[in-house]
Amino acid sequence: MSATVIRDYKREAQRLRRRAEAHGRPLLGETDPTFIFESLRLRHAGAPAQPVAENTRRMRLAAARAVFLTAQRLGLHDQNPAKAVEEVRRQGRYVHAFTAEQIEHLKRTARYHLGETKTPAALALALLGASSGENAAVRVRDIDLDRRRVWLHDGGYRTGPRWVPIYDEWCSAALRTRIEALAATVTADALPDTPVTYSWRGGSGSPESRAAATGMTLLALLKKARLHQPGVTRAESIREHLAHRVFAETGRVEAVAIRLGLASLDAAAHLVGYDWVAKHTVDTDGPPAP
């Protein structure tokens, strides 16, 4: 298990313990499946109107199961009530790519106030294929405007480091303007290592928190442009638009995987809706007769 998963499990275990104590259930044996089920759907205090995301519910359930499994192994309890709770898994990752018209609308909306440079740069990097983690990790030195390319890195285990081309003049201008704005605020020596879209304002500064901050920047843009539909569109819809664009230009799933840094060709095929199994299966009447 990664350090991030362990940290998340510990956080959710603490929340489960605090909620159990608040409901007068301080003992392990007083926790039942119904209580676990309700805990999975406990909404965040900062967004009481928003339902809990599926990934959050599944992570809470996994953490609760780990708590009681640990308790069993330590001889503290003989049951695991979280094992009786099931979460229906979505059939595959859902995809909802933005259209070309919606992307143009995002570009027009990105500079929503005078002097805004960070949001256009974050959108530019996303349009070039950067995930939220990669977006936050890009430094000034990673952008080669002369050769029209960007080095994307530190996106986590799902994406690999790579050069991506700057194919769009709008993206090039947005990145250039951002670098010029940063150059006016930091020294020449510090500029190359300055993050392009992440501004540290306290907190842990961990890769996860940086990725979350950049994700929130893009989410704010989607809301400003009135293109955010909970459960339908999100920041990843920008990269999905790129995936469809690359596939339309090349007809190759491999090109999509390389551009987005995906290790799985199946994941790339899913993004563009390409059923390679059906396309390359030879039609037959079934297995040979015995």
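The present account deals with the structure reproduced in this document. What you see is a predicted model; the values in this text were computed from it and never measured. (Residues numbered from 1 in each chain as written. Predicted model: local features only at pLDDT ≥ 70, side-chain atom pairs only at ≥ 80, totals over all residues. Heavy atoms only, no water.)

Our next topic: the pattern of salt bridges. Tallying each qualifying case throughout the model produces 21 salt bridges. Measuring nitrogen to oxygen at the nearest pair gives 2.6 Å for the salt bridge that ties E134 to R162. Of this pair, E134 sits in helix α6 (residues 132-137) while R162 sits in strand β3 (residues 162-165), and the two are 28 residues apart along the sequence. We note a salt bridge from E254 to R252, for which the minimum N-O separation is 2.7 Å. Each of R7, D8, R11, E12, R15 and R60 takes part in salt bridges that share partners, so that together they form one network. (Salt bridge = Lys/Arg side-chain N within 4 Å of Asp/Glu carboxyl O. Helix = DSSP H or I, 4+ residues; strand = E, 2+ residues; numbered from the N terminus.)

Time to look at the packing of aromatic side chains. Where two aromatic rings form a pair, the distance of their centres and the angle of their planes describe that pair. Tallied over the full model, the rule gives 2 aromatic pairs. Aromatic side chains W151 and W163 sit 5.4 Å apart centroid to centroid with 55° between the ring planes, which places their arrangement in the tilted category. Of this pair, W151 sits in strand β2 (residues 149-152) while W163 is found in strand β3, placing the two residues 12 residues apart along the sequence. We classify W163 as partly exposed; its relative accessible area is 41%. Measuring from centroid to centroid gives 5.5 Å for F247 and Y274, while their planes differ by 50°, and the two rings are tilted. Taken as a pair, F247 in helix α9 (residues 236-250) and Y274 in the loop between α11 (265-272) and α12 (276-280) lie far apart in primary sequence, 27 residues in all. Taking NZ or CZ as reference, R19 lies 4.6 Å from the ring centre of F35, over its face. Sitting over the face of the ring of W163, R149 holds its NZ or CZ atom 3.7 Å from the ring centroid. (Phe/Tyr/Trp six-rings, centres within 6.5 Å; stacked < 30°, edge-to-face > 60°. Buried < 20%, exposed > 50% of the residue type's maximum accessible area, 1.4 Å probe, protein only. Lys NZ or Arg CZ within 6 Å of the ring centre and 35° of its normal.)

Another point: the environment of H77. Along the chain, H77 falls in the loop between α3 (54-73) and α4 (100-110). H77 sits 48 residues away from G29 along the chain, and the two C-alpha atoms are 7.1 Å apart. When residues no more than four places from it in sequence are discounted, the contact partners of H77 are L28, G29, F68, A71 and Q72. (Contact = heavy atoms within 4.5 Å.)

Another aspect to go through is helix α7 (residues 169-183). For α7, with 15 residues, the first-to-last C-alpha span of 21 Å sits near the 21 Å given by 1.5 Å per residue. Buried residues belonging to α7 abut α4, α5 (118-127), β1 (143-144) and β2. Two or three places before W170, at the start of α7, stands the capping residue D168, its side-chain oxygen 2.6 Å from that residue's backbone nitrogen. (Expected span 1.5 Å × (residues − 1). Polar contact = N/O pair within 3.5 Å; in protein donor to acceptor, adjacent residues only side chain to side chain.)

As a further point, take the pairing of β2. Walk down a regular strand and you will see the side chains alternate between the two sheet faces. Of the two faces of β2, the one lined by V150 and L152 is fully buried and the one lined by R149 and W151 carries no buried residue. Taking the residues between adjacent antiparallel strands as the criterion, β1 and β2 are bridged by 4 residues, where R148 takes a positive phi near 55°. Two strands pair when backbone bridges link them, and β2 and β3 are joined in this way by 4 bridges, in the antiparallel orientation. The residue bridging W151 from the neighbouring strand is W163, located in β3. (Pairing = 2+ DSSP bridges.)

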